Amino acid sequence: MAKAFEKEASGLIKTYKIKNIIVTGPPFRVPYYITRLKTRFPGLNIISDLRDMWLNGKVYCLDGLPGKVLEYEAGMEVYAVRNSGYLTFPDENITLDFKDRYSAVKNADKFI
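The sections below set out a description of the structure shown in this document. None of these values were measured; they are calculated from a predicted model. (Residues numbered from 1 in each chain as written. Predicted model: local features only at pLDDT ≥ 70, side-chain atom pairs only at ≥ 80, totals over all residues. Heavy atoms only, no water.)

Quick look at the side chain of E6
Then comes step 1: Examined against the element boundaries, E6 turns out to sit in helix α1 (residues 2–16).
Then comes step 2: A distance of 2.7 Å separates polar atoms of two side chains, one belonging to E6 and the other to R36.
Then comes step 3: Discounting residues that sit within four places of it in the chain, E6 has contacts with Y33, R36, L37 and R40. (Helix = DSSP H or I, 4+ residues; strand = E, 2+ residues; numbered from the N terminus. Polar contact = N/O pair within 3.5 Å; in protein donor to acceptor, adjacent residues only side chain to side chain. Contact = heavy atoms within 4.5 Å.)

Quick look at the structure:
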């Protein structure tokens, strides 16, 4: 599914000369897959609108996931955060959660 998604999205980006993408999650794999497109389109500006806390385990029962699955989810979150041009959140608590866990982007203009 991820390969088909990337192929379709790549075609649309080329055809319509897309420079900016706004992506919303959950589902959180969508921001991950969109940010992966930066490897093919390095100038792509991605705004990830993360509507819930990803890894806190309270919303999507992630606290019961096996360690390897949780590690994989954490890797996707890190990748999406690092490769998004901007991050938006609908709630101050979510913003604070991400800022606390990603101190490297705390003072950046990445959070809007």
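Structure shown, so let's carry the discussion forward.
Some points on the sheet that holds strand β2 (residues 45–50)
Then comes step 1: The three strands are arranged β1-β2-β3 in an open sheet whose pairing can be described as parallel. Whereas interior strands pair on both sides, the edge strands pair on one side only; in this sheet they are β1 (20–25) and β3 (86–88). Along the sheet, successive strands turn relative to each other by an average axial angle of 20°, direction set aside.
Then comes step 2: Against the sheet, helix α2 (residues 29–36) touches β1 and β2, its axis set at about 155° to β1. (Pairing = 2+ DSSP bridges. Axes fitted to C-alpha atoms, helices over the stretch in contact; angles between N-to-C directions.)

A word on the pairing of β2
Then comes step 1: When you tally the buried positions in β2, you get five out of six residues, the bulk of the element.
Then comes step 2: The pairing of β1 with β2 spans six bridges and is parallel. Each residue of the ladder has a partner; that of G25, found in β2, is L50. (Buried < 20%, exposed > 50% of the residue type's maximum accessible area, 1.4 Å probe, protein only.)

Focus on the packing of α1 against α2
Then comes step 1: Packing of α1 against α2 brings their axes to within 10 Å, and their N-to-C directions diverge by 55°. Comparing their axes, α2 and α1 come out oblique. For the crossing formed where α1 meets α2, the hand is right-handed. Residues A2, F5 and E6 of α1 touch α2, and the partners they reach there are Y33, I34 and R36. (Parallel < 35°, antiparallel > 145°, perpendicular 65-115°, else oblique. Left-handed = near helix turned anticlockwise from the far one by under 90°.)

Remarks on the pairing of β1
Then comes step 1: Only one face of β1 is covered, namely the face carrying I21, V23 and G25; the face carrying N20, I22 and T24 is uncovered.
Then comes step 2: Considered for its hand, the β-α-β crossover made up of β1, α2 and β2 is right-handed. (Right-handed = clockwise from strand over helix to strand, strands pointing away.)

Some points on the packing of α2 against helix α3 (residues 67–83)
Angle between the axes and distance between the axes: these two values describe a pair of packed helices.
Then comes step 1: Two elements in contact, α2 and α3, have axes separated by 9 Å at closest approach and are oriented at 55°. Of the possible angle classes, the one that applies to α2 and α3 is oblique. In the packing of α2 onto α3, the handedness of the crossing is left-handed. The residues of α3 that touch α2, namely those facing R29, P31, Y32, T35 and R36, are Y72, E73, M76, Y79, A80 and N83.
Then comes step 2: In terms of residue class, the contact of α2 with α3 is built from six nonpolar, two polar and three charged. (Nonpolar A, V, L, I, M, F, W, Y, C, P; charged D, E, K, R; others polar.)

Quick look at the nonpolar core
In a soluble, globular protein the nonpolar side chains are often hidden away together inside.
Then comes step 1: Ranked by internal contacts, the top residues of the largest apolar core, which has 16 residues, are L50, W54, L87, F89 and F98.
Then comes step 2: Those elements giving two or more residues to this core turn out to be α2, α3 and α4 (92–101).
Then comes step 3: Broken down by element, the residue count for this core peaks at three residues, all from α3.
Then comes step 4: The residues touching F89, leaving out its near neighbours within four places in the chain, are D49, L50, I94, T95, F98, F111 and I112.
Then comes step 5: Counting residues in each nonpolar core, the second largest holds nine residues, with V23, I34, F41 and I46 among its members. (Core = buried A, V, L, I, M, F, W, Y, C linked by side-chain atoms within 4.5 Å.)

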